[in-house]
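Here's the letter readout for the chains.
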Amino acid sequence: MDAAIGLPNLGNTCFMNSSLQVLMACRTCHIVNCPLSTFTVPYDEGNPDPRVPQALVMQKFPRFRNNFQHDAHEWILNMLEVCEESKENLVGAFEGEFDVTVSFPDCGHINRHSETFRTLSVDLPDNGRDFESAVHMIGMPERVESCCDTCNDNKKKPAVKTMTISRWPIHLIVQWKRFDHFGRKIARRVPTPLAFKHYELVGTVNHVGSSSRAGHYTACVRTKGRNWFLCNDASVAKIEPRHAEKASQAAYMTVWTSVA
């Protein structure tokens, strides 16, 4: 079926519906057998029931056991954590890895380790800067306080931390930091291409509203036939790629799939 399938709103569940739609735009979700398959298989047959993944997340994360508006990024991370318990490696398709170095000017030693990530949370760039320049800023040198592994004296001291992406995931989720410390929305648009490095854009989650505590989520997704659809809960409409690109500029999350 080369079309997105609308999902009924179960009571302020637009955050979940939009997250599910962009997951359905990721090919691995339709291949790997995991807890999400209890939703994916009926989705592919044109008869999805969002109550199934809703119950899976509610069972593990009690904070979702209500009809409040929640954060789409938080929900998608928790859904992936539920899938982590499966023997099949769906989560691995969303995991990348950082090489991390922490340099200590006073002793000259360097700590090195690796960190995995499932999404990239990125600061919104200044006006005029685009998606690629913002992603390039991830892991730039920052001043921190840390303990030197070589000195091994358990004393925190000034250091410089840098991170580089050493392994890119099959499916890359980028979350823009669109809400400030008070939950207020930052509406700045970011020029975003439909292709980036070895990735193609397959989905966006957009938030309409002035704060993180209110508003409405929608999704734009690309199907396997490369058609784009706007998903607004149960309502689905086919759109042109240029409309998806415009939506990506104001997105809360963008989802990319590797073509390598």
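Residues numbered from 1 in each chain as written. Predicted model: local features only at pLDDT ≥ 70, side-chain atom pairs only at ≥ 80, totals over all residues. Heavy atoms only, no water.

Moving on, we come to the packing of aromatic side chains. The final tally for this structure, using the stated rule, is twelve aromatic pairs. Plain terms: the ring middles of Phe131 and Phe196 are 4.9 Å apart, the flat faces sit at 85 degrees to each other, and that makes the pair edge-to-face. Of this pair, Phe131 sits in helix H5 (residues 131-136) while Phe196 sits in strand E7 (residues 195-196), and the two are 65 residues apart along the sequence. Considered together, Phe131 and Phe196 belong to a single accessibility category, that of buried residues. The interplanar angle of 40 degrees and the centroid separation of 6.2 Å between the aromatic rings of Tyr217 and Tyr252 together place this pair among those described as tilted. With Tyr217 in strand E9 (residues 216-222) and Tyr252 in the loop between helix H6 (241-249) and strand E12 (253-258), this residue pair connects regions lying 35 residues apart in the sequence. Taken individually, Tyr217 and Tyr252 each receive the classification buried, so the pair is uniform in this respect. (Phe/Tyr/Trp six-rings, centres within 6.5 Å; stacked < 30°, edge-to-face > 60°. Helix = DSSP H or I, 4+ residues; strand = E, 2+ residues; numbered from the N terminus. Buried < 20%, exposed > 50% of the residue type's maximum accessible area, 1.4 Å probe, protein only.)

We now examine the nonpolar core. Grouped together as the largest cluster of nonpolar side chains are 44 residues, with contacts concentrated most on Leu36 and Phe94. Of all elements in the fold, only helix H1 (14-24), helix H2 (37-44), helix H4 (72-84), strand E8 (199-208), E9, strand E10 (228-232) and E12 reach the threshold of two or more residues within this core. Those residues in contact with Phe94, other than ones at most four positions away along the chain, are Leu23, Cys26, Cys29, Leu80, Phe117, Arg118, Pro169, His171 and Ile173. Counting 28 residues, the second-largest nonpolar core is a separate cluster that includes Val100, Val174, Val190 and Trp256. (Core = buried A, V, L, I, M, F, W, Y, C linked by side-chain atoms within 4.5 Å. Contact = heavy atoms within 4.5 Å.)

Turning our attention to the sheet that holds strand E5 (residues 156-167). Strands sit in the order E2-E1-E5-E4 across an open sheet of four strands; the sheet is antiparallel. Looking at the sheet topology across the chains shown, the edges are occupied by strand E2 (110-117) and strand E4 (142-147). Between one strand axis and the next, the sheet turns by 40 degrees as a mean value, whatever way the strands run. Bridge analysis of strand E1 (residues 96-103) against E2 gives eight bridges, and the strand direction is antiparallel. Each residue of the ladder has a partner; that of Ser103, found in E2, is Ile110. (Pairing = 2+ DSSP bridges. Axes fitted to C-alpha atoms, helices over the stretch in contact; angles between N-to-C directions.)

Time to look at the side chain of Arg222. One can find Arg222 in strand E9. The class of Arg222 is buried, set by a relative accessible area of 14%. When near neighbours in sequence (up to four residues on either side) are disregarded, Arg222 contacts Ala25, Glu200, Leu201, Val202, Asn227 and Trp228.

This part covers the packing of helix H3 (residues 51-60) against H4. For any two helices packed against each other, one specifies the crossing angle of their axes together with the interaxial distance. Where H3 meets H4, the closest approach of the two axes is 10 Å, and the angle between their N-to-C directions is 85 degrees. The angle between the axes of H3 and H4 places the two elements in the roughly perpendicular class. Contacts from Pro53, Leu56, Val57 and Lys60 in H3 reach Trp75, Asn78, Met79, Glu81 and Val82 in H4. (Parallel < 35°, antiparallel > 145°, perpendicular 65-115°, else oblique.)

Turning to the environment of Met137, a few remarks are in order. Structurally, the position occupied by Met137 is in the loop between H5 and E4. A relative accessible area of 40% means that Met137 is categorised as partly exposed. C-alpha separation for the pair Met137 and Pro125, spaced twelve residues apart in sequence, amounts to 9.2 Å.

Moving on: unusual backbone geometry. Positioned with a positive phi, Lys197 is a non-glycine residue whose angle comes to about 50 degrees. When you line up the elements, Lys197 lands in the loop between E7 and E8. Judged by relative accessible area, Lys197 falls into the exposed class, the value being 59%. With a phi close to 55 degrees, Asp233 is a non-glycine residue in the positive phi region. Within the secondary structure layout, Asp233 lies in the loop between E10 and strand E11 (235-239). Given a relative accessible area of 13%, Asp233 falls into the buried group.

These figures capture arrangement, not role.
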